[in-house]
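Residue strings, one per chain:
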Amino acid sequence: MSIYGSTLLDVLIGESYISEDLVLKNIFTGDAQADATRLIGSIAESLVVNLCNSYPEVNRTLGMYARFGQRPHKKLDAYVAVATGSMRAKNDFPQHYNPCDTQRDIIWVERDNTDNQLLCISPTNGVGAKPAGLQVKASHNGVRYVVPSIKDYHFPVLYFDLQGDWGEVQKSVFEQHPTATLVHPDEIQHEIKHILKGYFDVVVALLRGETTIKRIVQESRWKGDSILPTGIDAAEATSESKLILPSHLRGGN
């Protein structure tokens, strides 16, 4: 909690996952592992968007995959990443807010005209090209839960292997869906998978009642904030980064 709690709360607050009475307000099934995995998938989308909009090289790489390109082109610097199901999209890009979109978790829109989306590369110079997009998956058992769903996705899949099974998943995808594109998280940043694994452990503890939001706030306050990249608002966290909480989350002295 001392390492990952602060930045996890940044994401949970930013995405309105914490209620006024300091509990996670998503609908949960009682299976802490499964519920945490689903929540981590949404958190992963926020982290990826943050990285894209903070680091041009990450934006170029993932934008390249999203448009089925061959190289990270500088033209992608004119686009910003948007998580279609996030609160940030709902507030800042309402025309692109679509939490029911099962195909594209992340899209790219023009900085100067956000109504325009990045398009996939078309052999006919853009005529009839479909909007680009990226699917984000996080799982402890990708062969069981991710591979069967690949056939339903027509866009590249960025897969975070929380249990280290990326190679096995890649092999299964190649055998069963040879035209699918699977993107390794190390292509954008090595640490992001470790951050998600840390977040997962904290979320599981929350769901099992082994800790509370208030305790996470206290742990982060007394033991120091993470020096790893933050979840949603800062481009690069440092040891001086501070968690800014709404008034109802602040506690006494």
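Residues numbered from 1 in each chain as written. Predicted model: local features only at pLDDT ≥ 70, side-chain atom pairs only at ≥ 80, totals over all residues. Heavy atoms only, no water.

A.B. asks: Lay out the side chain of Gln103 in plain terms, naming residues and giving numbers.
C.D. replies: Note that Gln103 resides in the loop between α4 (87–92) and β2 (106–110). Beyond its immediate sequence surroundings of up to four residues, Gln103 is in contact with Leu134, Gln135, Asp152, Tyr153, His154 and Phe155. (Helix = DSSP H or I, 4+ residues; strand = E, 2+ residues; numbered from the N terminus. Contact = heavy atoms within 4.5 Å.)

A.B. asks: Now, about helix α1 (residues 5–14): what can you tell me, with residues and values included?
C.D. replies: The element α1 is extensively covered by neighbouring structure, given that eight of its 10 residues are classed as buried. By the burial criterion, the buried members of α1 are Gly5, Ser6, Thr7, Leu8, Leu9, Asp10, Val11 and Leu12. (Buried < 20%, exposed > 50% of the residue type's maximum accessible area, 1.4 Å probe, protein only.)

A.B. asks: Before we move on, can you summarise the packing of aromatic side chains with the specific residues and values?
C.D. replies: Taken as a whole, this structure holds one aromatic pair when the rule is applied. Measuring from centroid to centroid gives 6.2 Å for Tyr4 and Tyr199, while their planes differ by 90°, and the two rings are edge-to-face. Here Tyr4, found in the segment before α1, pairs with Tyr199, found in helix α8 (residues 192–207); they are 195 residues apart in sequence, far enough to count as distant. Accessibility classification places Tyr4 together with Tyr199 in one group, the buried group. Just above the ring of Phe155 sits the side chain of Lys130; from NZ or CZ to the centre is 4.6 Å. (Phe/Tyr/Trp six-rings, centres within 6.5 Å; stacked < 30°, edge-to-face > 60°. Lys NZ or Arg CZ within 6 Å of the ring centre and 35° of its normal.)

A.B. asks: Account for the side chain of Ser86, naming residues and giving values.
C.D. replies: Here Ser86 is to be found in the loop between β1 (79–83) and α4. Reaching out from Ser86, the side chain makes a polar contact with the backbone oxygen of Ala83 at a distance of 2.9 Å. When sequence neighbours within four positions are dropped, the list of residues in contact with Ser86 reads Glu15 and Tyr97. (Polar contact = N/O pair within 3.5 Å; in protein donor to acceptor, adjacent residues only side chain to side chain.)

A.B. asks: Please give an account of the pattern of salt bridges that cites residues and values.
C.D. replies: Tallied over the entire structure, the rule returns four salt bridges. Two residues, Asp77 and Arg60, come together in a salt bridge whose shortest N-O distance is 2.6 Å. Separated by 17 residues along the polypeptide, Asp77 in the loop between α3 (56–66) and β1 and Arg60 in helix α3 bring together distant segments of the chain. Residue classification places Asp77 among the partly exposed positions, given a relative accessible area of 29%. (Salt bridge = Lys/Arg side-chain N within 4 Å of Asp/Glu carboxyl O.)

A.B. asks: Outline the pairing of strand β4 (residues 157–161), supporting the account with residue identities and numerical values.
C.D. replies: Successive side chains on a regular strand alternate, one facing one side of the sheet and the next facing the other. Burial within β4 is extensive, with five of its five residues counted as buried. The two faces of β4 match: Val157, Tyr159 and Asp161 on one face and Leu158 and Phe160 on the other face are all buried. Bridge count between strand β3 (residues 135–139) and β4: five bridges; the pairing is parallel. In the sheet register, Ala138 faces β4, and the bridge partner there is Phe160. When β4 meets strand β5 (residues 182–183), the two strands line up parallel, connected through two bridges. The residue bridging Leu158 from the neighbouring strand is Val183, located in β5. On the question of chirality, the crossover connecting β4 to the parallel β5 by way of helix α7 (residues 166–176) is right-handed. (Pairing = 2+ DSSP bridges. Right-handed = clockwise from strand over helix to strand, strands pointing away.)

A.B. asks: Which residues make up unusual backbone geometry, and what are the values?
C.D. replies: The residue Ser16 is not glycine, and still its phi comes out positive at about 60°. Summarising the element assignment, Ser16 is placed in the loop between α1 and α2 (32–54). Within the chain, Phe68 stands out as a residue other than glycine whose phi angle is a positive 60°. With respect to the secondary-structure elements, Phe68 resides in the loop between α3 and β1.

A.B. asks: For the pairing of β1, give the residues involved together with the corresponding values.
C.D. replies: Judged by how many residues are buried, β1 sits mostly within the fold: five of five residues are covered. Burial along β1 is two-sided: Tyr79, Ala81 and Ala83 and Val80 and Val82, pointing in opposite directions, are all buried. Bridging between β1 and β2 involves five bridges; their strand directions are antiparallel. Across the sheet, the residue bridging to Tyr79 is Glu110, located in β2.

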